[in-house]
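Here's the letter readout for the chains.
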Amino acid sequence: MNSTSNQLLVIFGASGDLTARKLIPALYNLYADGHFPENFVVLGASRSNLSDEDFRKRVVYESEFLKDEVKSRDKEFIKKFADMMFYTDLGDDYDSEYSGLAKRINELNSEHKTDDNFTFYLSTPPSLYEPIAKNLYDQGLTKGSGSDKGFRRIVVEKPFGYSLETAKELNAGLQKYFKERQIYRIDHYLGKETVQNLMVTRFSNSIFEPLWNRNYIHHVEITNAETVGVEKRGGYYDKSGALRDMFQSHLLQIVSLIVMEPPINASAEEIHNEKVKALKSLRIMRDEKELFDHTMKGQYIASSINGKRVKGYREEEGVDPESKTETYAAVKFFVDNWRWKDVPFYVRTAKRMPTKVTEVVIHFKTQHHQVFKNQDINNKDNKLIIRIQPDEGILIKFGVKVPGQGFKVERANLDFYYSSLSDNNIMDAYERLLLDAMQGDTTLYARADEVEAAWAFVDPILEYWAKDVNVNTYGYPAGTWGPKNSDDLIEDANGWRNPGELLTDETGYCII
Ligand code: BG6
């Protein structure tokens, strides 16, 4: 296990939703599981006028996200955690001078012996990343106070940019004040155990890797479906859409792990190098016909699920009633390298689908010579299904003989479930990522060139969707598997595998 140095974590945007909903509960779990160093301090910073006690009440004692813990755990145990929380008011503007903040940091640092180690967590809109970095720099807070004393790290949230150009600006803005090795770009999917397991499945088994290429794989399919709509985030989402919100970040990260070559070793640098190479090999679509044929956007419309009316996207709070923003995005693409030449990748993401699920399906080619003629024509290939969430696990579909005369073949399931490893307490994505940042491990964070390579692929699609009047936004009733014609994207196969809640559920599952 890596060691965690004494340190001080400054959270910008401390009075916001993410801090209370995700960050403090993740910190609490790390504390409860004994992952905190001896001396640890959290300093919340934002524009609200709160005292230390107010902040403790808000994020610990009265937090709806910790209420069960606060109720059931020993009072002293909770108090010890709450007493590590402090707060400082930044005034009216994040872009101001930070001498007050610097004074508070230095006082807390000497009082609590956090050894000059500071991590700055920016849970703020991206437009504030550069101003905050600059103001920290101006106070001398971005550099350690000696060659071997005190680290400085900055963690930034998604979305990282709105386009390639804005992502480059953000990178350049942060890199003016911090070195790349000090910058941690969060993609919470990388904190999921099952996403990390993609690499282990591939590179610690000699049975998959020889087949992991164009000679054996027919196509790769990735589905990310959510049952929820845009909830209270209509204002943000309407300017973003599914391609920016999910595809550019989380899904292309998954793609990079499927596509990448084996790294030389498991160091952060080598893994990042291979992921960048993978993302750069995605064939960027520039031709309008290709963009038209290989991409599809949709939007959920009102429907009734389990007898209850569900709003259409355009009725959601903060959404333009004539919005064409996609809540469904599907893209077919190719990877221009030796391993993947001519293997189509199909990736889709959407809100208001029948079930919440993320999975990768590797469809192997059918046997070149068919010995058993009465095999079900639609069900004769092998599939490897890697379930990222929920019911996390891996399933292989393979042919077995149906007992009885002759050679009737059926597909059977060979399955593994993460839940069977019950001794392991699986960390939540934010817990894992925070602990990694506290320990200085950047493996599960996105590097600047990775983020830019992902935007370089997505940008032409967004531009094409924005400018071409022929691009339809297809409606789909909330609670269904997307637009009626969504299977058209997958020619030469039987359409999308519409997964169920459980790994072994057969396709066609629907709850409306
Ligand atoms: C976020 C997106 O990054 O990921 C949300 O902004 C989405 O729109 C969420 O709902 C999905 O995360 P998870 O972990 O629930 O799959």
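Keep in mind it's a predicted model, so treat the numbers as computed, not measured.

All right, on to a negative patch on the surface then. A cluster of acidic residues, D89, D92, D93 and D95, forms a negative patch at the surface. Residue classification places D95 among the partly exposed residues on the basis of a relative accessible area of 43%.

With parallel pairing, the six strands of this open sheet are ordered in space as β3-β2-β1-β4-β5-β6. The open sheet terminates on both sides in strands that have one partner only, identified here as β3 (85–89) and β6 (183–185). Within the sheet, the average angular offset between the axes of one strand and its neighbour, ignoring direction, is 20°. Sitting on the sheet, helix α1 (residues 17–32) touches β1 (7–12), β2 (40–46), β3 and β4 (118–122), and the angle it makes with β1 is about 165°.

With that settled, consider the UniProt feature "active site" (unreviewed entry) in the protein. Using the residue numbers shown here, the UniProt feature "active site" (unreviewed entry) corresponds to H250. On the secondary structure map, H250 appears in helix α10 (residues 242–259). Accessibility expressed as a relative area gives 2% for H250, which makes it buried. Of note is the side chain of H250, whose polar atom sits 2.7 Å from the side chain of D187.

The subject of this paragraph is the pairing of strand β5 (residues 152–156). Burial runs high along β5: five of the five residues are buried. Side-chain alternation along β5 places R152, I154 and V156 on one buried face and R153 and V155 on a second face that is also buried. Looking at chain direction, β4 and β5 are connected through five bridges and run parallel. The residue of β5 that forms the bridge with Y121 is V155. Note that the unit made of β5, helix α7 (residues 164–175) and β6 has a crossover that is right-handed.

Attention now goes to the sheet that holds strand β11 (residues 328–333). Read from one edge of the open sheet, nine strands run β16-β15-β14-β13-β7-β12-β11-β8-β17, paired in mixed fashion. At either margin of the open sheet sits one strand with a lone partner, and together these are β16 (409–417) and β17 (473–477). Averaged over all pairs of adjacent strands, the angle between strand axes in this sheet comes to 20°, irrespective of strand direction. With six bridges joining them, β11 and strand β12 (residues 345–350) adopt antiparallel strand pairing. Pairing of A329 across the sheet is with T349, part of β12.

As a matter of local geometry, the ligand sits amid K158, H188, Y189, K192, E226, R233, D245, M246, H250, K351, K356 and Q389. H250 is positioned with one of its side-chain polar atoms (N or O) 2.7 Å from an oxygen atom of the ligand. In isolation the ligand has 390 Å² of accessible area, and contact with the protein removes 80% of it. With three residues, the single largest contributor to the shell around the ligand is α10. Split into classes, the residues belonging to the shell around the ligand amount to two nonpolar, three polar and seven charged.

Our next topic: the domain arrangement of the protein. When the domains of the protein are assigned, the result is domain 1 (7–157) and domain 2 (190–367 + 421–426 + 446–489). The C-alpha centroid of domain 2 is placed 33 Å from the C-alpha centroid of domain 1.

This next bit is on a nonpolar patch on the surface. Among the surface-exposed residues, V371, F372 and F407 lie close enough to one another that they form a single nonpolar patch of about 300 Å² accessible area. Checked against the element boundaries, F372 lands in the loop between β13 (357–364) and β14 (383–389). Accessibility expressed as a relative area gives 33% for F372, which makes it partly exposed.

Scanning the entire structure with this criterion turns up 23 aromatic pairs. When the ring of Y300 is compared with that of Y313, the centres are 5.8 Å apart and the planes differ by 75°; the resulting orientation is edge-to-face. Residue Y300 is found in strand β8 (residues 295–301), and its partner Y313 is found in the loop between β10 (308–310) and β11; the two are separated by 13 residues along the sequence. Summarising the burial analysis for this pair, Y300 and Y313 share the class buried. Between the aromatic rings of F333 and F345, the centroid separation amounts to 5.5 Å while the plane-to-plane angle is 20°, which identifies the pairing as stacked. Highlighted residues: F333 in strand β11 and F345 in strand β12, separated in sequence by 12 residues. Among the aromatic side chains, those forming a connected cluster through ring pairs are Y28, Y31, F36, F40, F77 and F81. If you follow R185 out to its NZ or CZ, it ends over the ring of F160, 5.1 Å from the centre. Residue placement shows K192 over the ring face of Y189; its charged tip is 4.6 Å from the ring centre.

This part takes up the packing of helix α2 (residues 52–61) against helix α4 (residues 75–82). The N-to-C vectors of α2 and α4 enclose an angle of 125°; their axes lie 10 Å apart at closest approach. Viewed along their axes, α2 and α4 adopt a mutual orientation that is oblique. As α2 packs across α4, the resulting crossing turns out to be right-handed. Seen from α2, the contacting residues are R56, V60 and Y61; seen from α4, they are I78, K79, F81 and A82. Looking at the contact of α2 with α4, its residues break down into five nonpolar, no polar and two charged.

What counts, and where the lines are drawn
Residues numbered from 1 in each chain as written. Predicted model: local features only at pLDDT ≥ 70, side-chain atom pairs only at ≥ 80, totals over all residues. Heavy atoms only, no water. Patch = residues over 30% accessible without salt bridge, like charges linked within 9 Å, V, L, I, M, F, W, Y side chains within 5 Å. Areas by Shrake-Rupley, 256 points an atom, 1.4 Å probe, with all protein chains shown as cover. Salt bridge = Lys/Arg side-chain N within 4 Å of Asp/Glu carboxyl O. Lys, Arg positive; Asp, Glu negative; His and termini not counted. Charge placed at Lys NZ, Arg CZ, Asp CG, Glu CD. Buried < 20%, exposed > 50% of the residue type's maximum accessible area, 1.4 Å probe, protein only. Pairing = 2+ DSSP bridges. Helix = DSSP H or I, 4+ residues; strand = E, 2+ residues; numbered from the N terminus. Axes fitted to C-alpha atoms, helices over the stretch in contact; angles between N-to-C directions. Contact = heavy atoms within 4.5 Å. UniProt positions renumbered as here; feature names shortened; annotations may be inferred. Polar contact = N/O pair within 3.5 Å; in protein donor to acceptor, adjacent residues only side chain to side chain. Right-handed = clockwise from strand over helix to strand, strands pointing away. Near = heavy atom within 4 Å. Nonpolar A, V, L, I, M, F, W, Y, C, P; charged D, E, K, R; others polar. Domains from an automatic or database assignment. Phe/Tyr/Trp six-rings, centres within 6.5 Å; stacked < 30°, edge-to-face > 60°. Lys NZ or Arg CZ within 6 Å of the ring centre and 35° of its normal. Parallel < 35°, antiparallel > 145°, perpendicular 65-115°, else oblique. Left-handed = near helix turned anticlockwise from the far one by under 90°.

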